[in-house]
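# Observations on chain architecture
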Amino acid sequence: MSEAGEQAKHKRQAAEQAAAEVRNGMVVGLGTGSTAAFAIAALGAAVAGGLRIRAIPTSLAAAALARRHGIPLTDFAADPRIDLTIDGADQVVPGTLDLIKGLGGALLREKLVATASARMIVVADDSKLVARLGGATRLPVEITAFGWQVAMAQLTAAGCAPILRRTGETPFVTDGGNHIADCAIADIPDPAALQARLIAMVGVVETGLFVGLASEARIGGPAGVRLLRRDGAAIRS
Ligand code: A5P
């Protein structure tokens with residue numbers, strides 16, 4: 001099997017293990033990206049087999065995929081609390097389960113859904129594991145479309161070397177109508193402190209730093225799927 005094929009297999013195995021944690025009656029958060037898509041497919045098959053759930057998607061893309069798989073959708077008005085969210089990540093630190101998310105552009109809805117969830121399982125292949133966040137993976141920061149130059153200037157002054165994400169020539173637009181600044185940060189020793197600094201900037205809507213939100217991770221690799229738990233994590237209620 002090709003390297004890409006192996007990686008897809010590891011993502012699918014991790015996602016399917018996480019999907020097996022979903023029980024009848026749960027409100028489920030549906031993540032965005034290629035790994036979360038495997039979980040949505042597995043949940044769709046389970047729903048076809050009789051599993052009763054309601055789901056809140058983290059993006060328009062995840063919503064469309066869920067509909068295609070026959071998963072009933074709900075929203076925060078009807079279901080303000082989510083029992084279990086399954087979502088991917090771009091970087092995962094074992095132990096703390098601090099994450100970088102948002103390379104798919106869905107970080108704002110992903111963080112809202114994660115924050116409303118009693119339990120969040122991160123699903124990924126083992127290429128996403130890092131000792132410290134940052135480095136080769138840029139940190140996505142969602143910024144307002146109006147005056148995006150103002151947020152970019154502040155990020156530049158803070159040494160984040162932001163690049164405005166584009167689709168071809170035009171700025172990328174998120175589901176919330178915002179733009180994304182992809183920031184190059186060599187090393188993020190204290191993700192919570194960086195989150196506090198960035199979110200204080202005018203025009204910054206949210207960052208892709210997820211601190212203290214994931215309770216566990218299922219990481220696929222050549223030896224199978226590893227279960228990682230966050231140090232000291234309790235299920236939030
Ligand atoms: C979407 O905005 C992201 O947070 C994704 O969850 C993340 O990029 C992981 O995507 P893959 O599972 O496709 O690697």
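See the structure printed just above.
Residues numbered from 1 in each chain as written. Predicted model: local features only at pLDDT ≥ 70, side-chain atom pairs only at ≥ 80, totals over all residues. Heavy atoms only, no water.

### Examining the overall build of the protein chain
- Helix and strand content of the protein chain: 6 helices and 15 strands.
- Computed over the C-alpha atoms, the radius of gyration of the protein chain is 17 Å, within 12% of the 18 Å expected from 2.2 N^0.38 for a compact globule of 237 residues.
- Counting only C-alpha atoms, the protein chain reaches 55 × 40 × 40 Å along its principal axes.
- Looking at the protein chain residue by residue over its 237 residues, the buried ones come to 50%.
- Both charge centroids of the protein chain, one from 24 positive and one from 22 negative side chains, sit 3 Å from each other. (Helix = DSSP H or I, 4+ residues; strand = E, 2+ residues; numbered from the N terminus. Rg over C-alpha atoms; globule rule 2.2 N^0.38 Å. Buried < 20%, exposed > 50% of the residue type's maximum accessible area, 1.4 Å probe, protein only. Lys, Arg positive; Asp, Glu negative; His and termini not counted. Charge placed at Lys NZ, Arg CZ, Asp CG, Glu CD.)

### Observations concerning the sheet that holds strand β5 (residues 99-100)
- With respect to topology, 3 strands assemble into an open sheet ordered β4-β5-β13, the strand pairing being antiparallel. Pairing within the sheet leaves two strands with one partner each, and these edge strands are β4 (91-92) and β13 (209-210). (Pairing = 2+ DSSP bridges.)

### Considering helix α3 (residues 60-68)
- Within α3 the residues assigned to the buried category are Ala62, Ala63, Leu65 and Ala66. Taken around the axis of α3, the buried residues stretch over an arc of 165°, which confines them to a single face. Opposite the buried face of α3, at more than 90 degrees from it, the exposed residues are Leu60, Ala61, Arg67 and Arg68.
- Taken from the residues just after α3, Gly70 is the one with a positive phi, measuring 75°. (Arc of directions from axis to C-beta.)

### Things to note about the site of the ligand
- Around the ligand sit 17 residues, and of these Ser34, Thr35, Asp90, Glu110 and Lys128 come closest.
- Separating an oxygen atom of the ligand from a side-chain N or O atom of Thr35 is a distance of 2.6 Å.
- One of the backbone nitrogen or oxygen atoms of Gly105 is found 3.3 Å away from an oxygen atom of the ligand.
- Here the ligand has 380 Å² of accessible area as a free molecule, and 91% of this is covered by the chains.
- Given that more than half its atoms are within 2 Å of the pocket grid, the ligand belongs to the largest pocket.
- Counted by class, the shell around the ligand contains 3 nonpolar, 8 polar and 6 charged residues. (Near = heavy atom within 4 Å. Polar contact = N/O pair within 3.5 Å; in protein donor to acceptor, adjacent residues only side chain to side chain. Areas by Shrake-Rupley, 256 points an atom, 1.4 Å probe, with all protein chains shown as cover. 1 Å grid on protein atoms, 1.4 Å probe; cavity = no way out; pocket = protein on both sides within 12 Å on 5 of 7 lines; lining within 4 Å. Sits in = over half its atoms within 2 Å of the grid points. Nonpolar A, V, L, I, M, F, W, Y, C, P; charged D, E, K, R; others polar.)

### As for the packing of helix α1 (residues 3-19) against helix α2 (residues 34-48)
- Where α1 contacts α2, the axes come no closer than 8 Å and their chain directions differ by 50°. When the interaxial angle is binned, α1 and α2 end up oblique. When you trace α1 past α2, the crossing you get is right-handed. Together, Ala8, Lys11, Arg12, Ala15, Glu16 and Ala19 of α1 and Ser34, Thr35, Phe38, Ala39, Ala42 and Leu43 of α2 make up the contact between the two elements.
- A breakdown of the residues in the contact of α1 with α2 according to their chemical character gives 7 nonpolar, 2 polar and 3 charged. (Axes fitted to C-alpha atoms, helices over the stretch in contact; angles between N-to-C directions. Parallel < 35°, antiparallel > 145°, perpendicular 65-115°, else oblique. Left-handed = near helix turned anticlockwise from the far one by under 90°. Contact = heavy atoms within 4.5 Å.)

### Here's the deal with the packing of aromatic side chains
- Applying the stated criterion across every chain yields a total of 0 aromatic pairs.
- Positioned over the ring face of Phe210 is Lys101, at 5.7 Å from the centre of the ring.
- A cation over an aromatic ring shows up here: Lys111 above the ring of Phe210, its NZ or CZ 5.2 Å from the ring centre. (Phe/Tyr/Trp six-rings, centres within 6.5 Å; stacked < 30°, edge-to-face > 60°. Lys NZ or Arg CZ within 6 Å of the ring centre and 35° of its normal.)

### Some remarks on the pairing of strand β6 (residues 120-125)
- Burial runs high along β6: 6 of the 6 residues are buried.
- Both faces of β6 are covered, namely the face carrying Met120, Val122 and Ala124 and the face carrying Ile121, Val123 and Asp125.
- As paired elements, strand β3 (residues 84-87) and β6 share 3 bridges and run parallel to each other. Its bridge partner being in β6, Asp87 is matched across the sheet by Val122.
- In terms of strand pairing, β6 meets strand β14 (residues 216-221) through 5 bridges, oriented parallel. Bridged to Ile121 within β14 is Glu216.

### Side note on the sheet that holds strand β8 (residues 162-164)
- Pairing is antiparallel in the open sheet, where 4 strands are placed in the order β8-β11-β7-β12. Each end of this open sheet is capped by a strand with a single partner; those strands are β8 and β12 (204-207). Neighbour to neighbour, the strand axes of the sheet diverge by 30° on average, direction disregarded.
- Of the strand pairs in this sheet, β8 and strand β11 (residues 179-183) are connected by 3 bridges, and their pairing is antiparallel. Bridge assignment links Ile163 to a residue of β11, and that residue is Asp182.
- Across the sheet, helix α4 (residues 107-115) lies against β7 (139-143), β11 and β12, angled at about 65° from β12, the strand it touches most.
- Against the sheet, helix α6 (residues 191-199) touches β7 and β12, its axis set at about 165° to β12.

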